[in-house]
Amino acid sequence: MTEPLRPRVKYVIGPDGSPLTIADLPPPGTQRWVIRRKAEVVAAVRGGLLSLDEACSRYTLTTEEFLGWQASIDRHGLAGLRTTRIQHYRQ
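These lines cover the structure that appears in this document, whether it is placed above or below. (Residues numbered from 1 in each chain as written. Predicted model: local features only at pLDDT ≥ 70, side-chain atom pairs only at ≥ 80, totals over all residues. Heavy atoms only, no water.)

## Brief notes about the overall build of the chain
Reasoning step 1: Scanning the chain for helices and strands turns up four helices and two strands.
Reasoning step 2: Starting at the N terminus and ending at the C terminus, the chain contains elements arranged as β-β-α-α-α-α.
Reasoning step 3: By sequence separation, contacts in the chain at least 24 residues apart represent 59% of the contacts at least 6 residues apart. (Helix = DSSP H or I, 4+ residues; strand = E, 2+ residues; numbered from the N terminus. Contact = heavy atoms within 4.5 Å.)

Here's what the structure looks like:
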């Protein structure tokens, strides 16, 4: 997976509107993925704080899993990341 190199940014605007830095991201090895954490990782990749490869490696995610989070946000907003509502949104 090759992405064009972009200059690394110092922060991005997180899902709640506040600045988000690398230090604010969920710790590597996170097991419990709540909506806020998923949204922070998506915002970090979209804003250039992390590359897709770095995010997948750091959080042991598959590319498909990350892209699924991103698509859920695009289609249904943050509520689309709620695992208890997946069946509702798939219909």
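## Description of the packing of aromatic side chains
Reasoning step 1: Going through the model one piece at a time under the given rule, you end up with two aromatic pairs.
Reasoning step 2: Between the aromatic rings of Trp 33 and Tyr 59, the centroid separation amounts to 5.3 Å while the plane-to-plane angle is 85°, which identifies the pairing as edge-to-face. Pair noted here: Trp 33 is in the loop between strand 2 (19–20) and helix 1 (35–47) and Tyr 59 is in the loop between helix 2 (52–58) and helix 3 (63–76), with a separation of 26 residues, a long-range link. The pair formed by Trp 33 and Tyr 59 is uniform in burial state, with each residue classed as buried.
Reasoning step 3: Aromatic pair Trp 33 and Trp 69: ring centres 5.0 Å apart, planes at 50°, arrangement tilted. A residue pair is termed long-range when its members are at least 10 positions apart, and Trp 33 in the loop between strand 2 and helix 1 and Trp 69 in helix 3 qualify at 36 residues. Here Trp 33 and Trp 69 have matching classes, each one buried. (Phe/Tyr/Trp six-rings, centres within 6.5 Å; stacked < 30°, edge-to-face > 60°. Buried < 20%, exposed > 50% of the residue type's maximum accessible area, 1.4 Å probe, protein only.)

## Overview of the side chain of Ser 72
Reasoning step 1: Inspection of the secondary structure puts Ser 72 in helix 3.
Reasoning step 2: Relative accessible area serves as the criterion here: at 17%, Ser 72 is assigned to the buried category.
Reasoning step 3: In this view, Ser 72 contacts Gly 77, Gly 80 and Leu 81; residues no more than four positions away in its chain are not counted.

## Some points on the packing of helix 1 against helix 3
Reasoning step 1: One can describe the packing of helix 1 onto helix 3 by two numbers: an axis separation of 10 Å at closest approach and a directional angle of 95°. Overall, the two elements helix 1 and helix 3 adopt an arrangement that is roughly perpendicular. Residues Lys 38, Ala 39, Val 41, Val 42, Val 45 and Arg 46 of helix 1 form the contact with helix 3, whose participating residues are Phe 66, Trp 69, Gln 70, Ile 73 and Asp 74.
Reasoning step 2: Tallied by class, residues from the contact of helix 1 with helix 3 come to seven nonpolar, one polar and three charged. (Axes fitted to C-alpha atoms, helices over the stretch in contact; angles between N-to-C directions. Parallel < 35°, antiparallel > 145°, perpendicular 65-115°, else oblique. Nonpolar A, V, L, I, M, F, W, Y, C, P; charged D, E, K, R; others polar.)

## Description of the environment of Arg 36
Reasoning step 1: Looking at the secondary structure, you find Arg 36 in helix 1.
Reasoning step 2: Taking the C-alpha atoms as reference, Arg 36 lies 8.9 Å from Leu 81; in sequence the two are 45 residues apart.

## Observations regarding the pattern of salt bridges
Reasoning step 1: Applying the stated criterion across every chain yields a total of two salt bridges.
Reasoning step 2: A salt bridge links Glu 40 to Arg 36; its shortest N-O distance comes to 3.3 Å. Within this pair, Glu 40 and its partner Arg 36 are both found in helix 1, separated by four residues, close to a single helical turn.
Reasoning step 3: Judged by relative accessible area, which is 47%, Arg 36 ranks as partly exposed. (Salt bridge = Lys/Arg side-chain N within 4 Å of Asp/Glu carboxyl O.)

Read these as spatial facts, not as claims about activity.
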